[in-house]
Amino acid sequence: MAMALLDQIRSIFDGDPGVRKVADDPVLSAELLMLFRMILADGSVSESEMVVFRRICKEAFGIPEASIDSVIEYLNDYGYETNGSQAIALFRDLDVERRKLLARHMAEIAKADARLAEKEVKLLRRTLDLLDISPVDLVNPEG
């Protein structure tokens, strides 16, 4: 109990730990921005897409559940400074497995609402091209 209170007090002075993690890691920021762009690609934000986004934040990036809303707010506030091409450029020099992971996460979000909108498909296709990733890599993780 005392540690939780101490963490809350530290959060007030130091900022949210999840937001700090994202702000301190340009590649993580870029990936989250790309995932958020996928959520917005079809023109609406579905609850199922947000559930997948939150799960990816927690499981893949270790962002605490309590920080995710603050991370989303951070992305909304500062994400306008980075366009999709700039975000993708950060991934070009990363190993192929890390690039495949981004593509898989984007595909997960696109499929979350049980329908693939044309704009989602276009964004995913363009991202795959820029990352030099084959669509086969999305269905065959071993590839």
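The sections below set out a description of the structure shown in this document.

Conventions we followed
Each chain carries its own residue numbering, running from 1 in the written order of its sequence. Reporting in this predicted model follows two pLDDT cut-offs: at least 70 for local features of residues, and 80 or more for side-chain atom pairs to be given and counted; totals over whole chains, interfaces and linings ignore these cut-offs and use all residues. Values shown for side chains rest on all heavy atoms present in the structure; no hydrogens or waters enter the calculation. To define a nonpolar core, start from buried Ala, Val, Leu, Ile, Met, Phe, Trp, Tyr and Cys residues and group those joined through side-chain atoms within 4.5 Å. The rule is simple: take the accessible area with a 1.4 Å probe, protein chains only, and divide by the maximum for that residue type; under 20% is buried, over 50% is exposed, in between is partly exposed. Only DSSP runs of H or I covering at least 4 residues are called helices, and only runs of E covering at least 2 are called strands; the numbering of each starts at the N terminus. It only takes one pair of heavy atoms within 4.5 Å for two residues to be counted as in contact. Helix axes are fitted only over the stretch in contact, all axes being lines through C-alpha atoms; the angle between N-to-C directions runs from 0 to 180 degrees. Throughout this description, any angle smaller than 35 degrees is read as roughly parallel, any larger than 145 degrees as roughly antiparallel, any in the 65 to 115 degree range as roughly perpendicular, and the remainder as oblique. Following the grouping adopted for this structure description, the nonpolar residues are Ala, Val, Leu, Ile, Met, Phe, Trp, Tyr, Cys and Pro, the charged ones are Asp, Glu, Lys and Arg, and the polar ones are all others, Gly among them. Two aromatic rings, drawn from Phe, Tyr or Trp (for Trp, its six-membered ring), form a pair once their centres lie within 6.5 Å of each other, and the interplanar angle then sorts them: stacked below 30 degrees, edge-to-face above 60, tilted otherwise. It is the directions from the helix axis to the C-beta atoms whose arc is reported.

Details of the nonpolar core
Next up, step 1: Among the nonpolar cores identified, the biggest contains 38 residues, and Leu32, Leu35 and Phe53 are the most heavily contacted of them.
Next up, step 2: Listed by contribution, the elements that provide at least two residues to this core are helix 2 (17–23), helix 3 (26–40), helix 4 (47–61), helix 5 (68–78), helix 6 (84–89), helix 7 (96–111) and helix 8 (118–131).
Next up, step 3: Tallying contributions element by element places helix 3 first for this core, with 10 residues.
Next up, step 4: If we ignore the near neighbours within four places in the chain, the residues touching Leu35 are Phe53, Ile56, Phe61, Leu102, His105, Met106 and Ile109.

Looking at the packing of helix 4 against helix 5
Next up, step 1: Their axes nearest at 11 Å, the elements helix 4 and helix 5 cross at an angle of 105°. Our classification of the angle between helix 4 and helix 5 gives roughly perpendicular. On helix 5, the residues that touch Met50, Phe53, Arg54, Cys57 and Lys58 of helix 4 are Ile68, Asp69, Ile72 and Leu75.
Next up, step 2: Its residues placed into classes, the contact of helix 4 with helix 5 shows six nonpolar, no polar and three charged.

Focus on the packing of aromatic side chains
A ring pair, where both rings are aromatic, is described by two values, the distance of the centres and the angle of the planes.
Next up, step 1: Inspection of the entire model under this criterion finds one aromatic pair.
Next up, step 2: Taking 5.8 Å as the distance between ring centres and 70° as the angle between the ring planes, the aromatic pair formed by Phe36 and Phe53 counts as edge-to-face. With Phe36 in helix 3 and Phe53 in helix 4, the pair connects residues that are 17 residues apart, well separated along the chain.
Next up, step 3: For Phe36, a relative accessible area of 11% corresponds to the buried category.
Next up, step 4: Taking relative accessible area as the criterion, Phe53 reaches 0% and is therefore assigned buried.

Topic: helix 5
Next up, step 1: Taken together, the buried positions of helix 5 are occupied by Ile68, Val71, Ile72, Tyr74 and Leu75. When helix 5 is viewed along its axis, its buried side chains cluster within an angular range of 160° and face the same direction.
Next up, step 2: In this structure, the buried residues of helix 5 make contact with helix 2, helix 3 and helix 4.

Keep in mind that these numbers describe shape and distance, not what the molecule does.
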